[in-house]
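# Summary of structural features
Spelled out, the chains give:
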Amino acid sequence: ISGGFEFPFENLSLTDPLLEFGSVFINSQANVFYTGDIATGIVIYISFAGAVSNPTVNNVSNSQSMVFDSTKLIALTGYNFKDGDLLIISTLRGSKSITLLRNGEYFNVLNIMTTVSDWITIDKGDNVLTYTASSGLSNMQFLIVHQVVLEGM
């Protein structure tokens, strides 16, 4: 989202929307610059604003990807990813998990990750992370959290 509100302003038309207060951009790629010394896992929060099939998360920088199978999710919960769902993915060493929060209830959905998937890590420097889906790409929002891990003496 980028700001578009600036003073002074006026709207000379009563029928045409001449004022723009902001713009929403769909961007399925972001760079995470990691300053730590040691590669580390991340926590990914994916919120869904509608139906999504087979989401995938990629770290282009180290060729890792996590692919999630919607048919396995339907078998577990009865529904595909839908509005209001929150998928929490932890790739942290010692606490790897995939959890779905749906209607106030947590589901362990670890087995929706396909066998060709990797547990995504980030390395020192730039890490280009992307996400895709076979349908519903614009219905996903991502939040990526990481801690800086430094090598001790």
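A few points on the structure. Quick caveat, the model's predicted, so the values are computed rather than measured. (Residues numbered from 1 in each chain as written. Predicted model: local features only at pLDDT ≥ 70, side-chain atom pairs only at ≥ 80, totals over all residues. Heavy atoms only, no water.)

Taken together, 4 strands build an open sheet; the order of strands is 3-12-6-7 and the sheet is antiparallel. Of all the strands in the sheet, the pair left with one neighbour each is strand 3 (29-34) and strand 7 (64-67). Each adjacent strand pair in this sheet contributes to an overall mean axis angle of 20°, direction not counted. Relative to strand 12 (residues 125-132), strand 3 is paired through 6 bridges, and the arrangement is antiparallel. (Pairing = 2+ DSSP bridges. Helix = DSSP H or I, 4+ residues; strand = E, 2+ residues; numbered from the N terminus. Axes fitted to C-alpha atoms, helices over the stretch in contact; angles between N-to-C directions.)

Turning next to the pattern of salt bridges. Tallied over the entire structure, the rule returns 2 salt bridges. Notably, a salt bridge pairs K124 with D37, separated by 3.7 Å at the nearest N-O pair. Taken as a pair, K124 in the loop between strand 11 (121-122) and strand 12 and D37 in the loop between strand 3 and strand 4 (40-41) lie far apart in primary sequence, 87 residues in all. The exposure class assigned to D37 is partly exposed, which follows from its relative accessible area of 38%. (Salt bridge = Lys/Arg side-chain N within 4 Å of Asp/Glu carboxyl O. Buried < 20%, exposed > 50% of the residue type's maximum accessible area, 1.4 Å probe, protein only.)

Let us look at a nonpolar patch on the surface. Judged by side-chain polarity, Y45, L143 and V145 come together as a nonpolar surface patch covering roughly 240 Å² of accessible area. Within the fold, L143 resides in strand 13 (residues 140-145). Look at L143 and you get partly exposed, because its relative accessible area is 48%. (Patch = residues over 30% accessible without salt bridge, like charges linked within 9 Å, V, L, I, M, F, W, Y side chains within 5 Å. Areas by Shrake-Rupley, 256 points an atom, 1.4 Å probe, with all protein chains shown as cover.)

Bringing the sheet that holds strand 8 (residues 86-90) into the picture now. The 5 strands lie next to each other as 10-9-8-5-13, forming an open sheet whose pairing is antiparallel. Looking at the sheet topology across the chains shown, the edges are occupied by strand 10 (105-108) and strand 13. The average angle at which neighbouring strand axes cross in this sheet is 20°, direction not considered. For strand 8 and strand 9 (residues 97-102), the ladder comprises 5 bridges, and the chain directions are antiparallel. Within strand 9, the position partnered with L86 by the bridge is L101. Helix-sheet contacts for helix 1 (residues 70-77) involve strand 9 and strand 10, and the interaxial angle to strand 9 is about 60°. (Contact = heavy atoms within 4.5 Å.)

This part takes up the pairing of strand 5 (residues 43-48). Inspection of the sheet shows strand 5 paired to strand 8 by 5 bridges, in the antiparallel sense. Each bridged residue has a counterpart across the sheet, and for I44 the counterpart in strand 8 is I89.

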